[in-house]
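Chains, contacts and geometry: an overview
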Protein chains: 2
Amino acid sequence: MSKSEQTRAAIVAAATKLFRTGGYDATTMRAVAKEAGVSVGNAYYYFGSKEHLVLAFYDEIFAAHLEGCEGVLATEQAFVPRLTGVLEVWLDVAESSHEFAGKFFKHAAEPTSPLSVFSPESAPTREAAIALMRRVVDGSDLKVAPALRQELPLLLWLVQMGMVLFWVYDDSSGRTRTRQLVRQAVPILDKLLRATRIPGVRGIADDVVTLVRSLVSGPGR
Amino acid sequence: MSKSEQTRAAIVAAATKLFRTGGYDATTMRAVAKEAGVSVGNAYYYFGSKEHLVLAFYDEIFAAHLEGCEGVLATEQAFVPRLTGVLEVWLDVAESSHEFAGKFFKHAAEPTSPLSVFSPESAPTREAAIALMRRVVDGSDLKVAPALRQELPLLLWLVQMGMVLFWVYDDSSGRTRTRQLVRQAVPILDKLLRATRIPGVRGIADDVVTLVRSLVSGPGR
DNA sequence: GCCAGTATTTGAACACGTTCAACTTCGGGA
DNA sequence: TCCCGAAGTTGAACGTGTTCAAATACTGGC
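Throughout this description, residue numbers start from 1 for each chain and increase along the sequence as written. In the order they appear in the text, chains get letters beginning with A and ligands get numbers beginning with 1. In keeping with the model being predicted, local features are shown solely for residues with a pLDDT of at least 70 and side-chain atom pairs are shown and tallied solely at 80 or more, while totals for entire chains, interfaces and linings include all residues. As a convention, hydrogens and water are excluded, and side-chain values are obtained from all of the structure's heavy atoms.

As recorded in an unreviewed UniProt entry, chain A goes by TetR family transcriptional regulator and comes from Nocardioides silvaticus.

This is the structure we're talking about:
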């Protein structure tokens, strides 16, 4: 590891530590720099803004999520426990940073931010998250129309983003309300997906797939 | 109008003007105060933060939306053109502030912000928006299960919030992509709602209503 | 070893949102 | 009319994220 890589790693480590203990606002760039043993300007040499430090934090959460999911993906075959398990692992992994997450989320929601959930900068993490959902689908017993199945990982990722949105606003202790949402909503989603085989519903499902396809490249592109 | 009301109105007018011309970030509190002919501290006497000024901006958009909807509500009976019309009026009304909207949207997504779509501060506007959706449902020919019908205004408001989310990211000229989304998605929603009368689907709809009811008081309450 | 050019590092300086102690104006009861 | 508490107003001061010209360390060619 080169010297500059060490400096970069030290800044990320300092930021992560301070974010976890004090939250986003209370963590100043001056404090991060001091903790990392560098100057303020140096931190900006490696990270364009305070937001970019958050992206590194998000990557850590995703890596932990992926690792935590392996057990679920190896053992669960049925779609409902498989998807529920994956979402619950995320809740476990993210719990310790919930307070901080609210601050993080506003950056994820700002279209012009490099940290936007749809931004090119966050594309690698986003695509890895969608790939995880593809594993959820492929390894399950779920039977849906092929056209829908193809778009399902993206749709499930959007479902996960919906859960995260709910979670961010959830101040119940231990995030029990979000957990309740997951346990209730996943079986409903399962029913809904299987219902696409009912003649009167299949046409609607096809419409949804068509709509998603026509918009999948992003609103503004 | 009392003196203090005049001062408050002057600050709102100054903020609105500067927001429209220069956007959110470029509009400083010092500039707002100067434009309104008051001191910086005085602006904070009336508005707790810069974000609270945006709330006043929201209210202006909603008032224009409500007014613009009267024609649609008076003439359209069928659910699809009725809801489509209401959403399109919103797009018309909001178009001029699209650039500005992207900048402040991050505040609307932050749970702790007074601008959050679920915050107590925005409750009056939010409830008025839901009431508008109730008028859309009540005056239409839509037939759904009574249990679902009761929650429908809230669900339609959530749909509208989804549209706004898409709209914020939409940089196509004239927001054609969001308009395309509305024209495609509303008929699908209509089909989906009417499909709740199919035996195999009704049970799912009931599940959704139960879920929404159990969560309707908000994630954290 | 030496130099030129690049990469890295520094911290003072800037503009911002926000706070607050002090000041001024207002309203209504004696 | 006078007075006092409340309401309204002020602008300097604070801590923040970010910038930048300058200083320093590094690297490859000779």
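Picking up where we left off.
This part is about the UniProt feature "DNA-binding region" (unreviewed entry) in chain A. Per the UniProt annotation, the sites labelled "DNA-binding region" (unreviewed entry) are residues 28–47 of chain A. Starting at the N terminus, helices and strands are each numbered in turn, a helix being any DSSP run of H or I of at least four residues and a strand any DSSP run of E of at least two. The span residues 28–47 of chain A carries 75% helix and 0% strand; its end-to-end C-alpha distance comes to 14 Å. UniProt positions are given in the numbering used here, feature names are shortened, and annotations may be inferred rather than shown by experiment.

On to the side chain of B:S97. All names here are of chain B. You can see S97 is positioned in the loop between helix 5 (79–94) and helix 6 (98–109). Think of it in three bands: with a 1.4 Å probe and only protein chains considered, a residue is buried below 20% of the maximum accessible area for its type, exposed above 50%, and partly exposed in between. A relative accessible area of 3% places S97 in the buried class. Any two residues whose heavy atoms approach within 4.5 Å at even a single point are treated as in contact. Beyond its immediate chain neighbours, meaning those up to four positions away, S97 contacts R20, F57, I61 and W167.

Turning our eyes to something else, we now look at empty space enclosed by the protein. Residues and elements named next belong to chain A. Lining residues are defined by having an atom within 4 Å of a point belonging to a cavity or pocket. Those points lie on a 1 Å grid over the protein atoms alone, cavities being sets where a 1.4 Å probe fits but cannot get out and pockets being open sets with protein on both sides within 12 Å along at least five of seven lines. Grid points are joined across faces, edges and corners, and a volume is the space filled by probe spheres set on the points. For the structure shown, the criterion picks out three cavities of 30 Å³ or more. In this structure, the largest cavity spans a volume of roughly 60 Å³. If you list the elements that add at least two residues to the lining of the largest cavity, you get helix 4 (50–75), helix 7 (123–138) and helix 8 (146–169). Per element, the largest residue contribution to the lining of the largest cavity is four residues, and it comes from helix 4. Amino acid classes used here: Ala, Val, Leu, Ile, Met, Phe, Trp, Tyr, Cys and Pro are nonpolar; Asp, Glu, Lys and Arg are charged; the rest, including Gly, are polar. Grouping the constituent residues of the lining of the largest cavity by class yields eight nonpolar, two polar and no charged.

Turning next to the domain arrangement of chain A. Residues and elements named next belong to chain A. Domain ranges listed in this record stem from an automatic or a database domain assignment. Partitioning chain A into domains gives domain 1 (1–48) and domain 2 (50–215). With 14 residues of domain 1 at the interface, the matching set in domain 2 holds 13 residues. Counting each side, the surface lost to burial between domain 1 and domain 2 is near 1,400 Å², with a carbon and sulfur contribution of 68%. Defined here as a combined quantity, buried area equals the accessible surface (1.4 Å probe) lost by two parts on assembly, summed across both. Per-residue buried area on domain 1 facing domain 2 is highest for F19, R20 and Y24; these three make up 49% of the total on that side.

The criterion for a residue being near a molecule or strand is simple. One of its heavy atoms has to lie within 4 Å of it. Neighbouring DNA strand C are 19 residues, the closest being A:S39, A:Y45, A:Y46, B:Y44 and B:K50. Within 4 Å of the protein, the atoms of DNA strand C are drawn from sugar and phosphate moieties in a proportion of 58%. Pairs of N or O atoms within 3.5 Å make up the polar contacts considered here, provided that, within protein, one atom can donate a hydrogen while the other can accept it, and that residues adjacent in sequence are counted only when both atoms are side-chain atoms. Take A:Y45: an N or O atom from its side chain is 2.5 Å from a phosphate oxygen of DNA strand C. Only helix 1 (3–26) and helix 3 (40–46) of chain A together with helix 2 (29–36) and helix 3 (40–46) of chain B provide two or more residues apiece to the surface near DNA strand C. When residues of the surface near DNA strand C are assigned to their parent elements, the largest contribution, four residues, is made by helix 3 of chain A.

Residues and elements named next belong to chain B. Here the axes come from fitting lines to C-alpha atoms, over the contacting stretch only for helices, and the angles between their N-to-C directions go from 0 to 180 degrees. Two elements in contact, helix 5 and helix 9 (residues 176–194), have axes separated by 9 Å at closest approach and are oriented at 150°. The pairing of helix 5 with helix 9 is recorded here as roughly antiparallel in orientation. When you trace helix 5 past helix 9, the crossing you get is right-handed. Residue-level contacts link F79, V80, L83, T84, L87, E88, L91 and D92 of helix 5 to T178, R179, V182, R183, V186, P187, L189, D190, L193 and R194 of helix 9. Here the contact of helix 5 with helix 9 is built from residues that sort into 10 nonpolar, two polar and six charged. Put simply, angles under 35 degrees are roughly parallel, angles over 145 are roughly antiparallel, angles from 65 to 115 are roughly perpendicular, and the rest are oblique. For any pair of crossing helices, the crossing counts as left-handed if the nearer helix is rotated counterclockwise from the farther one by less than a right angle, and right-handed if it is rotated clockwise.

With that settled, consider the nonpolar core. Of all hydrophobic cores here, the largest spans 66 residues; its most connected members are A:I11, A:F19, A:L53, A:L83, A:V86, A:W90 and A:M133. When residues of this core are assigned to their parent elements, the largest contribution, 11 residues, is made by helix 8 of chain A. Lining this core are residues from two domains, each supplying at least three of them: domain 1 (1–48) and domain 2 (50–215) of chain A. Apart from the residues lying within four places of it in its own chain, the contact partners of A:L53 are A:I11, A:A15, A:F19, A:M29, A:V32 and A:F47. Side-chain atoms within 4.5 Å link the members of a nonpolar core, which is a set of buried Ala, Val, Leu, Ile, Met, Phe, Trp, Tyr and Cys residues. Listed in part, the 59 residues of the second largest apolar core include B:V12, B:F62, B:L87 and B:L154.

Moving on, we get to the pattern of salt bridges. All names here are of chain A. Salt bridges are counted wherever a side-chain nitrogen of Lys or Arg sits within 4 Å of a carboxyl oxygen of Asp or Glu. Applying the stated rule across the entire model yields 16 salt bridges over all chains. Between E35 and K17 there is a salt bridge; the shortest N-O distance is 3.0 Å. Within this pair, whereas E35 is found in helix 2 (residues 29–36), its partner K17 is found in helix 1, the two being separated by 18 residues in sequence. Here E35 falls in the partly exposed class, since its relative accessible area comes to 40%. Relative accessible area serves as the criterion here: at 46%, K17 is assigned to the partly exposed category. Salt bridges here are not isolated pairs; linked through shared partners, they connect D141, D190 and R194.

The next point concerns the protein's contact with DNA strand D. Surrounding DNA strand D, one finds 19 residues, the nearest of these being A:R30, A:Y44, A:K50, B:Y45 and B:Y46. Within the backbone of A:T27, a nitrogen or oxygen atom sits 3.5 Å from a phosphate oxygen of DNA strand D. B:S39 places a main-chain nitrogen or oxygen 2.9 Å from a phosphate oxygen of DNA strand D. Broken down by secondary-structure element, the contributors of at least two residues to the surface near DNA strand D are helix 2 and helix 3 of chain A together with helix 1 (3–22) and helix 3 of chain B. With four residues, the top contributor of residues to the surface near DNA strand D is helix 3 of chain B.

Turning next to helix 9 (residues 176–194) of chain A. Over its 19 residues, helix 9 of chain A extends 28 Å from the first C-alpha to the last, a length consistent with the 27 Å expected when each residue adds 1.5 Å. Buried within helix 9 of chain A are the following residues: A:R177, A:T178, A:R179, A:L181, A:V182, A:V186, A:I188, A:D190 and A:L193. Packing partners of the buried residues in helix 9 of chain A comprise helix 5 (79–94) and helix 8 of chain A together with helix 10 (199–215) of chain B. Here, expected helix span is obtained from the residue count minus one, scaled by 1.5 Å.

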